[in-house]
Amino acid sequence: MGFLDILQSIIGPAIFFSAPLIFTAIGGVFSERSGVVNIGLEGLMVMGAFVGIVFNLTFIDTLGSWTPWVSIFVAMIVSAIFAIIHAVASVTFRADQVVSGVAINFLALGLGLFLTKQWYGKGQTDMVDRPFYTTDVPFLAEIPIIGELFFSGMYLTSYLAIAVAILGWYVLYKTPFGLRLRSVGEHPMAADTNGINVSKMRYIAVMVSGAMAGLGGSVFALTIALNFSHSTIVGQGFMSLAAVIFGKWHPLGAMGAALFFGFAQSLSIISSGVPLLQDVPQVFLLIAPYVLTILALAGVIGRAESPKAIGTPYIKGSR
Amino acid sequence: MFSNRLVNILIPIVSVFLGLLVGAFIMLGFGYNPFLGYLALWNGAFGDSYFFGETLRQVTPYILSGLAVAFAFRTGLFNIGVEGQVIVGWLASVWVGLAIDAPMIIHLPLAVLAAALAGAAWGFLPGLLKAKLGVHEVIVTIMMNYIALYTSNSLVRNVISDGKDRTERVPETASLTSEWLASLTQYSRLHYGLLIALFAAAIMWFLLNKTARGYELRAVGFNQDASRYAGMNVGRNIILSMVISGAFAGLAGAMEGIGTFGYQSVKGGFTNIGFDGIAVALLGGNVAIGVVLAAFLFGTLKIGALNMPTGAGVPTELVDIVIAMIIFFVASSYMIRWFLLKVKKEGK
């Protein structure tokens, strides 16, 4: 097995596994940058996965080959609306944001499973007939080496994820909107004094995080899981949250972290084909992403500077 | 009319009521009779002594995992890693139960202690990293959950058993099962662990409220800078809090390991005891007695829910929605507080 083959067998799955994490982590960056902690990413992903699968199953006959794309779009919208609950609690009702996020996680899973039982009469949905398939990108796949590594046998959603990350960076750092959003998370009183509507910005940010997590959840469901049950989304939301912090609350950093997690997760799956790795006991590869994250947090990046006003509700007129 | 203390007690009660109300509306919306639904839940939890025994059995680990979350909360730490600590505690108790041959008076305490130590060790690392390097405990504990899950699975499969999916059953000498409690409740799986859980709640109350160390722990939770200025060692208190929290969580694992099940199995996913512990701690206001009451409520809901599909045709997951709404209302207590204060003003 040549080096290129190994590389190809690693890069493909790594990007494949990290795409849902990238989407969700970018959403997380928006929410946390505006000062709202979002532990509820997990639940928002569950909602996305649920809606994506149910929509796909229901509308397969009318929409045909467009079904998966429309499904993730609908999942994005529904999760954005679902996220409003988190926004209402943590912005308007001044709830503890971590607690509200935990409630979102419980609620999404409960609701998803309740409706699944209600509509399908069992604990999980059927398998979808029309998930996303891998494709070769026209022209680019022809490029020697690079084409083979990055543009053949890939999911288009993976490119969408990377595009979203770059767009997220542009919006947060190169537009007035992004500046306002960040200012609300750093010093809401100063932002308020400058005429920025703190509550509105935070609502928008939380809804963006809902939309992105919805995308992430539905993309995960339609590329990897292919149905919805209690074990469809197990911890991907928390991994994304870790990616947000690992990436120091920066969209591109979060993307890098998500890619790293995806890579680490893919190791345990592809190890059987890679010479050195196949002798390593499975358990070490399974825990590798988590151990590496802890090591990285402890050693490389140490103290991560979070947005200053994170986790605190803004109360007009208080100092 | 409403003192502050009364409001603090009223908020969880109002939240539970509102949560159940939302559940009732959902049942109505899907064409179920909410009265029949909740009646089925009630019968499923208290219908006869067997169900009541099962309810108390479920309450037992909830008390301990709730205490674990609450204890860390009081020091200003969010231990989301209770789940992982439960798993290692579970594993340790079963392992000691199987590996050692000793009379019960030594064996059983040893197994329980092993669970507490394993959980404590699992809590120590995040505490250490937080105290010394400022690494956010939420992220580290989330990661530790997965490490616990996969490591435990691997150990069960390759070390404790010979490639099987579960270990042997622990011998009588290391088991919390109680012939007496079981026969009282028509042979439910109720075990002596309940006493350990209640005792742990008393310890938490005593430790936090009656000792200087507990005062320090709470002070660090209120304000780290002020505590440091007052000469307290903030880092040491953070580590200690995580260790004690982990020990409670490990005990919760032992309740399942050598109490309810008697073995450890290869797990496809988390047990959710730790995550439910977050809900228990929140509803219980992070105090010992509150945790016990909240654990009782959630245990009731969870076990009662199992009877809802047969009793009223309602999917069990309805209860998860109710629990989510309860947490939600507790979190949004500002709204309830505001409402109660308004009632108070108009009452004058």
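Use the structure listed above.
Presented here is a report on the structure given in the accompanying data block. (Residues numbered from 1 in each chain as written. Chains lettered and ligands numbered in written order. Predicted model: local features only at pLDDT ≥ 70, side-chain atom pairs only at ≥ 80, totals over all residues. Heavy atoms only, no water.)

1. Structural notes on the interface of chain A and chain B
Step number 1: At the interface, 40 residues of chain A touch 41 residues of chain B.
Step number 2: In total, about 3,700 Å² of surface goes out of reach between chain A and chain B, with carbon and sulfur atoms giving 82% of it.
Step number 3: Viewed at the interface, chain B and chain A are joined by one salt bridge.
Step number 4: The tally of links between chain A and chain B comes to three residue pairs in polar contact (both at pLDDT 80 or more). (Contact = heavy atoms within 4.5 Å. Buried area = accessible area lost by both parts, 1.4 Å probe. Salt bridge = Lys/Arg side-chain N within 4 Å of Asp/Glu carboxyl O. Polar contact = N/O pair within 3.5 Å; in protein donor to acceptor, adjacent residues only side chain to side chain.)

2. A closer look at the packing of aromatic side chains
Step number 1: Per the counting criterion, the structure on display carries 23 aromatic pairs over all chains.
Step number 2: Ring centres 6.2 Å apart and planes at 20° place the aromatic pair F50 of chain A and W119 of chain A in the stacked group. In this pair, F50 of chain A is assigned in helix α2 (residues 41–63) and W119 of chain A in helix α4 (residues 97–120), connecting sequence segments 69 residues apart.
Step number 3: In this structure F50 of chain A comes out as buried when scored by relative accessible area, which is 5%.
Step number 4: By way of ring pairs, the aromatic residues F238 and Y290 of chain A together with Y146, Y150, F270 and F275 of chain B are connected into one cluster.
Step number 5: When the ring centre of Y263 of chain B is taken as origin, the NZ or CZ atom of R166 of chain B, which lies over that ring, is 3.7 Å away.
Step number 6: Positioned above the aromatic ring of F261 of chain B is the side chain of R189 of chain B, whose terminal nitrogen or guanidinium carbon lies 5.8 Å from the ring centre. (Phe/Tyr/Trp six-rings, centres within 6.5 Å; stacked < 30°, edge-to-face > 60°. Helix = DSSP H or I, 4+ residues; strand = E, 2+ residues; numbered from the N terminus. Buried < 20%, exposed > 50% of the residue type's maximum accessible area, 1.4 Å probe, protein only. Lys NZ or Arg CZ within 6 Å of the ring centre and 35° of its normal.)

3. A look at the nonpolar core
Step number 1: Counting 193 residues, the largest nonpolar core has I39 of chain A together with L64, L67, F78, I80, F248 and M308 of chain B as the members making the most contacts within it.
Step number 2: Look past the residues within four positions of I80 of chain B in its chain and what remains in contact with it is I39 and F238 of chain A together with V138, T141, I142, N145, F275 and I278 of chain B.
Step number 3: Formed by six residues, the second largest nonpolar core is a distinct cluster that contains A72, L77, V234 and I238 of chain B. (Core = buried A, V, L, I, M, F, W, Y, C linked by side-chain atoms within 4.5 Å.)

4. Some details on the side chain of S154 of chain B
Step number 1: Along the chain, S154 of chain B turns up in helix α6 (residues 137–160).
Step number 2: For S154 of chain B, the contacting residues outside a window of four places in its chain are V283 of chain A together with V159 of chain B.

5. Let's talk about the side chain of T223 of chain A
Residues and elements named next belong to chain A.
Step number 1: Assignment of secondary structure puts T223 in helix α9 (residues 198–225).
Step number 2: For T223, the side chain forms a polar contact with the main-chain oxygen of V219, separated by 2.7 Å.
Step number 3: In contact with T223, not counting residues within four places along its chain, are F16, F132, Y155 and T157.

6. Side note on helix α2 (residues 34–46) of chain B
All names here are of chain B.
Step number 1: When the terminal C-alpha atoms of α2 are compared, their 18 Å separation across 13 residues agrees well with the 18 Å that a helix rising 1.5 Å per residue should span.
Step number 2: Of all the positions in α2, only P34, G37, A40, L41, G44 and A45 are classed as buried. Projected down its long axis, α2 shows its buried positions confined to an angular sector of 125°, all on one face. In α2, those exposed residues whose orientation departs by more than 90 degrees from the buried face are F35 and W42.
Step number 3: Packed against the buried residues of α2 are α1 (4–29), α3 (49–74), α13 (288–305), α14 (308–312) and α15 (318–331).
Step number 4: One side-chain oxygen of the residue at the start of α2 lies 2.9 Å from the amide nitrogen of F35, identifying that residue as N33. (Expected span 1.5 Å × (residues − 1). Arc of directions from axis to C-beta.)

7. Concerning the environment of G210 of chain A
All names here are of chain A.
Step number 1: Take G210: it is sitting in helix α9.
Step number 2: Sequence separation of G210 and P13 is 197 residues, and the distance between their C-alpha atoms is 26 Å.
Step number 3: Ignoring anything within four residues of it in the chain, the contact list for G210 reads L44, M76, S79, A80 and A83.

8. Considering a nonpolar patch on the surface
Step number 1: The grouping of L4, L140, I143, I145, I146 and F150 of chain A at the surface amounts to a nonpolar patch, some 470 Å² of accessible area in total.
Step number 2: Positionally, I143 of chain A belongs in the loop between α4 and α5 (146–150). (Patch = residues over 30% accessible without salt bridge, like charges linked within 9 Å, V, L, I, M, F, W, Y side chains within 5 Å. Areas by Shrake-Rupley, 256 points an atom, 1.4 Å probe, with all protein chains shown as cover.)

9. Things to note about helix α3 (residues 67–92) of chain A
All names here are of chain A.
Step number 1: The end-to-end C-alpha distance of α3, which contains 26 residues, comes to 37 Å, matching closely the 38 Å that a straight helix rising 1.5 Å per residue would cover.
Step number 2: The largest bend in α3 comes to about 30°, at H86.
Step number 3: Phi turns positive one or two residues past the end of α3, at R94, with a value near 55°. (Bend = angle between axes of the 7 residues up to and from the residue.)

10. Some words on the packing of helix α10 (residues 236–246) of chain A against α6 of chain B
For any two helices packed against each other, one specifies the crossing angle of their axes together with the interaxial distance.
Step number 1: Packing of α10 of chain A against α6 of chain B brings their axes to within 10 Å, and their N-to-C directions diverge by 140°. Put simply, α10 of chain A runs oblique to α6 of chain B. Considering the relative orientation of α10 of chain A and α6 of chain B, their crossing is left-handed. Facing α10 of chain A, whose interface residues are F238, M239, L241, A242 and I245 of chain A, α6 of chain B presents I139, I142 and M143 of chain B.
Step number 2: Taken together, the residues of the contact of α10 of chain A with α6 of chain B break down into eight nonpolar, no polar and no charged. (Axes fitted to C-alpha atoms, helices over the stretch in contact; angles between N-to-C directions. Parallel < 35°, antiparallel > 145°, perpendicular 65-115°, else oblique. Left-handed = near helix turned anticlockwise from the far one by under 90°. Nonpolar A, V, L, I, M, F, W, Y, C, P; charged D, E, K, R; others polar.)

11. So, the pattern of salt bridges
Residue and element names in this part refer to chain B.
Step number 1: For the structure shown, the criterion picks out 11 salt bridges over all chains.
Step number 2: In this structure, R189 and E54 form a salt bridge, with 3.2 Å as the shortest nitrogen-oxygen distance. Taken as a pair, R189 in the loop between α7 (179–184) and α8 (193–210) and E54 in helix α3 lie far apart in primary sequence, 135 residues in all.
Step number 3: Among the salt bridges present, the one from D320 reaches K302, with a minimum N-O distance of 3.0 Å. Of this pair, D320 sits in helix α15 while K302 sits in helix α13, and the two are 18 residues apart along the sequence.
Step number 4: The structure contains a network of salt bridges with shared partners spanning E54, R57 and R189.

12. Structural notes on the environment of A191 of chain A
Residue and element names in this part refer to chain A.
Step number 1: Along the chain, A191 turns up in helix α8 (residues 188–193).
Step number 2: When the C-alpha atoms of A191 and L181 are compared, they prove to be 9.2 Å apart, with 10 residues separating the residues in sequence.
Step number 3: If sequence neighbours within four positions are ignored, A191 has contacts with S183, V184 and I196.

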